[in-house]
Amino acid sequence: MKLYFKPLVIGDLIAKIPIVQGGMGVGVSGVGLATAVANEGGIGVLSAAAVGFKEKDFVTNNTEANIRALIKDIQSAKERSKGIIGLNIMVALSNFADMAKTAIKEKIDIIFAGAGLPLNLPSFLQEGDKTKLVPIVSSRRALNIIAKKWYRNYNYIPDAVVVEGPKAGGHLGFSYEQLSDPAYSLENILVDVVEEAKLLEEKYGKTIPVIAGGGVYDGKDIRRIIDLGAASVQMATRFVATKECDASDEFKQLYLNSTKEQITIIKSPVGMPGRAIRNDFISAVEAGEKVPFRCPVHCITQCDYKSSPYCIALALISAQKGNMRNGFAFAGENAYRIDKITTVKDLMTSLTKDYNNTFVE
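In this text, all values refer to a predicted model and were calculated from it rather than measured experimentally.

The rules behind these values
Residues numbered from 1 in each chain as written. Predicted model: local features only at pLDDT ≥ 70, side-chain atom pairs only at ≥ 80, totals over all residues. Heavy atoms only, no water. Salt bridge = Lys/Arg side-chain N within 4 Å of Asp/Glu carboxyl O. Helix = DSSP H or I, 4+ residues; strand = E, 2+ residues; numbered from the N terminus. Buried < 20%, exposed > 50% of the residue type's maximum accessible area, 1.4 Å probe, protein only. Contact = heavy atoms within 4.5 Å. Pairing = 2+ DSSP bridges.

## Looking at the pattern of salt bridges
And then number 1: Enumeration according to the criterion identifies 14 salt bridges in this entry.
And then number 2: Lys132 is paired through a salt bridge with Asp12; the nearest N and O atoms lie 2.7 Å apart. Of this pair, Lys132 sits in strand β7 (residues 132–137) while Asp12 sits in the loop between β1 (8–10) and β2 (13–15), and the two are 120 residues apart along the sequence.
And then number 3: In this structure, Asp221 engages Arg224 in a salt bridge whose closest nitrogen and oxygen atoms are separated by 3.0 Å. With a gap of 3 residues between them, Asp221 and Arg224 both fall in helix α6 (residues 219–227), about one helical turn apart.
And then number 4: Assessed through its relative accessible area of 10%, Asp221 is described here as buried.
And then number 5: Given the relative accessible area of 35%, Arg224 is considered partly exposed.

Quick look at the structure:
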C-alpha cells in the first residue's frame, strides 16, 4: 500500500508511520501492545504506572518491585522489536524519578512525561544517554514553561511535544469546565502549541515535532490533525480492542459493549477529572456505596487516599485482570464506536488506507 504519511522524525529516531500509541496504565499497554505497534512502523509505548503489580512483593516492597518489572518490560520489548519503544511516566507518580532513571539506564528510546509538568526530567540524563525526552502538555503555556526551565537549568530543549485534548481517556489536564468549552478543543490548543514549537525551534535551532492526541479515531481525524500542523498523532483507545493489547478480554469487551452515554467523566482520587466507561463499580462510587480504605501503596503524590472511597491503582489493576466488579476502564470519548477486536497490523493498515483515501475523496 502506498504511504502518503510523512515519517515522524524525533532526532535520530524515525517512525515510518506517524502514529504514537498512547501509554495506558495499569498494564494495558505492556510489552505485547507496544512491540506490536513498533513492529508495524509506529511508536509503541509502555506504561510505568504501577508497572510492578504482577510482582509478588508489589505491596511489601513497592519501589524495588516496580523497578524490577520496568527493567523486565524494557528488555523484553527490545528483544521482541527493533522498532521505537517509548515509556509513559506520570509526573504525579511518587516513583517518577526511579522510573525515569531506570528507563534511561535501560536505554528506552523515548520518555513521554505528563500528568504534571516534568520540570526536572533532563536532570536524569547522563553524558552519552540517547533517550529522547517528550513532555505531554495541554496548553501552549505549559510547553513554554517547560522549555524555559529545561534550557535554563539543563541546557536542554524537548525533543518533541505531545499535546493532549479534552477528548482523551484517563486522567485529563483540564478543569471540569474546560472539558466542554470549545476554546479548549484539541484543534484550538494544537494550533497554539504548534506556533509555540515553531518559536522555540527558531530560538534554539532544534526541530520540535508536535504529536497530537485526544479523540483521534480514524484516518479523517489523522488528516485533519496533521493539516493543522502536527507531525504525528497519538492514539490509545483504538489500540485497546486489539489482540495484542495486554488488558484482559473482559476489559476489551467493556469497550465493545459500551454506548455513547456510558462514556463519562469521573472524579479521580488523584484530584483530576478522568474519562472512563461507566460500569457498576463507578455507579457504586458515585452513589456513596464505597467506603474509605487504607492505602496499600501511595503511588500518586497528590492522591487524597485518606478520604478516597477507593484505591485507583487497585481498581485499575482489577480491571486489567478482568475483575470489573472491583474496577473500571479508562477510555477516550470515541470508545463506544469500536465494534470488534482486530490485530495491530490490521488496525494500522486500516488507518493508513483511511488516511490515504482522504486525498482522493
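After that view of the structure, there is still more to cover.
## A word on helix α10 (residues 312–321)
And then number 1: With 8 of 10 residues buried, α10 lies mostly within the body of the structure.
And then number 2: When we look at burial in α10, the residues that qualify are Ile312, Ala313, Ala315, Leu316, Ile317, Ser318, Ala319 and Gln320.
And then number 3: In the core, the buried residues of α10 are packed alongside β9 (170–171), α8 (249–257), α9 (280–286) and β14 (329–330).
And then number 4: Looking at the residues trailing α10, positive phi occurs at Gly322, about 100°.

## Quick look at unusual backbone geometry
And then number 1: A cis amide bond, omega 0°, links Gly25 with the succeeding residue Val26.
And then number 2: By the secondary structure assignment, Val26 is in the loop between β3 (19–21) and α1 (31–39).
And then number 3: Even without glycine at this site, Ala50 takes up a positive phi of about 45°.
And then number 4: With respect to the secondary-structure elements, Ala50 resides in the loop between β4 (43–47) and α2 (62–80).
And then number 5: Overall, the relative accessible area of 11% leaves Ala50 in the buried class.
And then number 6: Even without being a glycine, Ala115 presents a positive backbone phi close to 55°.
And then number 7: Among the structural elements, Ala115 can be located in the loop between β6 (110–114) and β7.

## What about the environment of Lys198?
And then number 1: Position of Lys198 relative to the elements: it lies in helix α5 (residues 186–204).
And then number 2: Judged by relative accessible area, Lys198 falls into the partly exposed class, the value being 48%.
And then number 3: Linking Lys198 and Val210, residues 12 residues apart in sequence, is a C-alpha distance of 9.7 Å.

## Some thoughts on the environment of Lys6
And then number 1: Looking at the secondary structure, you find Lys6 in the segment before β1.
And then number 2: A residue is classified by how much of its surface remains accessible, and Lys6, at 69% relative accessible area, is exposed.
And then number 3: C-alpha of Lys6 to C-alpha of Ile226: the two residues are 220 residues apart in sequence and 9.8 Å apart in space.

## Considerations on the pairing of strand β13 (residues 273–277)
And then number 1: With 5 of its 5 residues buried, β13 lies for the most part within the structure.
And then number 2: On β13, burial covers both faces: Pro273, Arg275 and Ile277 on one face and Gly274 and Ala276 on the other are all buried.
And then number 3: Bridge analysis of β9 against β13 gives 2 bridges, and the strand direction is antiparallel. Its bridge partner lying in β13, His171 is registered against Gly274.
And then number 4: Inspection of the sheet shows strand β12 (residues 263–267) paired to β13 by 5 bridges, in the antiparallel sense.

Any link to function would need more than the numbers given here.
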